[in-house]
Amino acid sequence: VQLQASGGGLVQTGGSLRLSCAASGNIFSNSVMGWYRQAPGKQRELVATVTSGGTTDYSDSVKDRFTISRHNRRYTVDLQMDSLKPEDTAVYYCNVRSPRFSYVKYNYWGQGTLVTVSS
């Protein structure tokens, strides 16, 4: 399984960016897809996830500013980031994992894309 992320860059406070991730390989259709981020000196944290049925979960810090979406047939997941803040600066990682109660367990990561928000 390979995850190819794109869309990072430099943006001013209040601006927007859209991250995209394309998954290829043996992907189960019921996989959970999502985005995580890691700021300098901090642990990787959840940003948002979306199930194959469209159920979403957001970190409180990005709720109402970020929107996650996926295209099930293409195995792509996007993250629309609006009203960006300097504290959103981080390397963003695309993730594909097995559903919580899946008998088969897997967890794949993309290479990361840097988002920098200037104040």
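Caption draft 1: Spatial organisation of the pattern of salt bridges. Tallied over the full model, the rule gives 5 salt bridges. One salt bridge in this structure joins aspartate 60 and lysine 63, with 3.1 Å as the shortest N-O distance. On the basis of relative accessible area, lysine 63 is assigned to the partly exposed category, the value being 41%. Counted as one network, the salt bridges with shared partners bring together Arg37, Glu45, Arg65 and Asp88.

Caption draft 2: The sheet that holds strand S3 (residues 17-24), seen in detail. In spatial order, the strands read S1-S3-S8-S7; together these 4 strands make up an open sheet with antiparallel pairing. Pairing within the sheet leaves two strands with one partner each, and these edge strands are strand S1 (2-6) and strand S7 (66-71). On average, each strand axis in the sheet is inclined to that of its neighbour by 15°, with strand direction left out of account. For S7 and strand S8 (residues 76-81), the ladder comprises 6 bridges, and the chain directions are antiparallel. Across the sheet, arginine 70 pairs through a bridge with valine 77, a residue of S8.

Caption draft 3: View of the nonpolar core. Among the nonpolar cores identified, the biggest contains 29 residues, and Trp35, Leu79, Met81 and Tyr92 are the most heavily contacted of them. Those elements giving two or more residues to this core turn out to be S1, S3, strand S4 (32-38), strand S5 (45-50), S7, S8, strand S9 (90-97) and strand S11 (113-118). Among all residues touching leucine 79, those that are not within four sequence positions of it are Leu17, Arg18, Leu19, Trp35, Val47, Ala48, Phe66, Thr67, Ile68 and Tyr92.

Caption draft 4: Examining the environment of leucine 84 more closely. Tracing the sequence through the fold places leucine 84 in the loop between S8 and S9. Relative accessible area serves as the criterion here: at 1%, leucine 84 is assigned to the buried category. Setting aside anything within four residues of it in sequence, one finds leucine 84 in contact with Val11, Thr13, Gly14, Gly15, Ser16, Leu17, Arg65, Phe66 and Val117.

Here is what the cut-offs are and how they apply
- Residues numbered from 1 in each chain as written.
- Predicted model: local features only at pLDDT ≥ 70, side-chain atom pairs only at ≥ 80, totals over all residues.
- Heavy atoms only, no water.
- Salt bridge = Lys/Arg side-chain N within 4 Å of Asp/Glu carboxyl O.
- Buried < 20%, exposed > 50% of the residue type's maximum accessible area, 1.4 Å probe, protein only.
- Pairing = 2+ DSSP bridges.
- Helix = DSSP H or I, 4+ residues; strand = E, 2+ residues; numbered from the N terminus.
- Axes fitted to C-alpha atoms, helices over the stretch in contact; angles between N-to-C directions.
- Core = buried A, V, L, I, M, F, W, Y, C linked by side-chain atoms within 4.5 Å.
- Contact = heavy atoms within 4.5 Å.

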